[in-house]
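The lines below spell out each chain.
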Amino acid sequence: MKHIISPLDLTAEELDDLLALAQKIIDNPEQYSKICDGMKLATLFYEPSTRTRLSFEAAMMNLGGKVLGFSSADSSSAAKGESIADTIRVISSYADICAMRHPKEGAPLVASQYSLIPVINAGDGGHNHPTQTFTDLLTIKSLKGRLDNIVIGYCGDLKFGRTVHSLVNALARYNNVTMYFISPEELKVPNYIREEVLKANNIEYKEVRTIEEVMDKLDILYMTRVQRERFFNEEDYIRLKDTYILDSKKMKLAKPDMLVLHPLPRVNEIAAEVDNDPRAVYFKQAKYGVYVRMALILKLLELA
Ligand code: CP
């Protein structure tokens, strides 16, 4: 049985297959609308979510399956002290597959060690968010037509941003990808990403402080939110939260075909005036998340 804890749990070939299947689903959704009839997805969310939980649930419903689960630790028996191991042992007899989000890094990995059903990491602390990465890759592939030969800039909270960590890991496997990391000193990418991913894969990269200095080089600008919930100190959050605000003036510096992605939710880091720019594709990106999760459910249940 396969679990998805990290984006690297799929080989490059399996990832290509997943993206190809998602594209087939986009082209012909009717063909897949009953394939999970009689099956259930459990969504075990110990941390807030809009897109990930609801897109997983929409994905299973689009496949003809049903969903059950909880959307906060407080509404589950975790509030009474139940362990992840015991919870997943029980859920294994209620559902065929599960998606788990947890504030603690490694919680979905622990669940996978006790589970009798496939476990999908739907975000664990500041660590990984593989299905967001699959969504990002499908968005780039569909709208840019390629995953090789791209220049990408990641901007914002690169220290705690699990979507960035996962996407860096995944894009490191493609050819001729150049990465710029745009962050304040306090929110730079963790050292393990620099050493074990960027240097280990000979990725060309540079860390910079402003969007303006790299904007004209980028094919993709990946904006992220400064995440209040990951800070120990409210003062630091307030000082850093509005470091970057993408607006129409900055967009004028970008290539005409550059794309702006954001995993969402956004707070202030992208001004609403950017939403009408055709290069702003973050709402399309959220829609791609449903198709790629449909494809992933089918693959893990060995139905496609
Ligand atoms: N992108 C993402 O993970 O969004 P949610 O936190 O709303 O699930």
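Residues numbered from 1 in each chain as written. Predicted model: local features only at pLDDT ≥ 70, side-chain atom pairs only at ≥ 80, totals over all residues. Heavy atoms only, no water.

Notes on the packing of aromatic side chains
Enumeration according to the criterion identifies five aromatic pairs in this entry. Ring centres of Tyr154 and Phe181 lie 5.1 Å apart, and the angle between their planes is 15 degrees; on these two criteria the pair is classed as stacked. Highlighted residues: Tyr154 in strand β5 (residues 151–155) and Phe181 in strand β6 (residues 178–182), separated in sequence by 27 residues. Pair check on accessibility: Tyr154 and Phe181 agree, each one buried. Pairing Tyr282 with Phe283 gives two aromatic rings, centres 5.2 Å apart and planes at 65 degrees, and the pair type is edge-to-face. A network of ring pairs unites the aromatic residues Tyr154, Phe181, Tyr205 and Tyr222 as a single cluster. One Lys or Arg, Arg293, reaches over the ring of Phe56 and ends 5.1 Å from the middle of that ring. (Phe/Tyr/Trp six-rings, centres within 6.5 Å; stacked < 30°, edge-to-face > 60°. Helix = DSSP H or I, 4+ residues; strand = E, 2+ residues; numbered from the N terminus. Buried < 20%, exposed > 50% of the residue type's maximum accessible area, 1.4 Å probe, protein only. Lys NZ or Arg CZ within 6 Å of the ring centre and 35° of its normal.)

Examining the nonpolar core
Counting residues in hydrophobic clusters, the biggest one holds 60 residues, and the most contacted among them are Ile152, Tyr154, Val168, Leu171 and Met179. Looking at this core element by element, the count peaks at nine residues for helix α10 (residues 282–300). Taken domain by domain, the makeup of this core includes at least three residues from each of domain 1 (7–128 + 289–300) and domain 2 (130–286). Not counting the four nearest positions on each side in its chain, Ile152 is found in contact with Leu167, Leu171, Val177, Thr178, Met179, Tyr180, Leu218, Ile220 and Tyr222. Core analysis: the second largest hydrophobic core is formed by 22 residues, Val151, Ile182, Met215 and Ala280 among them. (Core = buried A, V, L, I, M, F, W, Y, C linked by side-chain atoms within 4.5 Å. Domains from an automatic or database assignment. Contact = heavy atoms within 4.5 Å.)

Details of the site of the ligand
Contacts to the ligand come from Ser49, Thr50, Arg51, Thr52, Arg101, His129, Gln132, Pro263 and Leu264. Within the contact set of the ligand, an oxygen atom lies 2.8 Å away from a backbone nitrogen or oxygen of Thr50. Contacts to the ligand include Pro263, whose backbone N or O atom sits 2.8 Å from a nitrogen atom. When each cavity is represented as a set of grid points, the ligand is found to reside in the largest pocket. Classifying every residue of the shell around the ligand gives two nonpolar, five polar and two charged. Here the shell around the ligand spans two domains, since at least three of its residues come from each of domain 1 (7–128 + 289–300) and domain 2 (130–286). (Near = heavy atom within 4 Å. Polar contact = N/O pair within 3.5 Å; in protein donor to acceptor, adjacent residues only side chain to side chain. 1 Å grid on protein atoms, 1.4 Å probe; cavity = no way out; pocket = protein on both sides within 12 Å on 5 of 7 lines; lining within 4 Å. Sits in = over half its atoms within 2 Å of the grid points. Nonpolar A, V, L, I, M, F, W, Y, C, P; charged D, E, K, R; others polar.)

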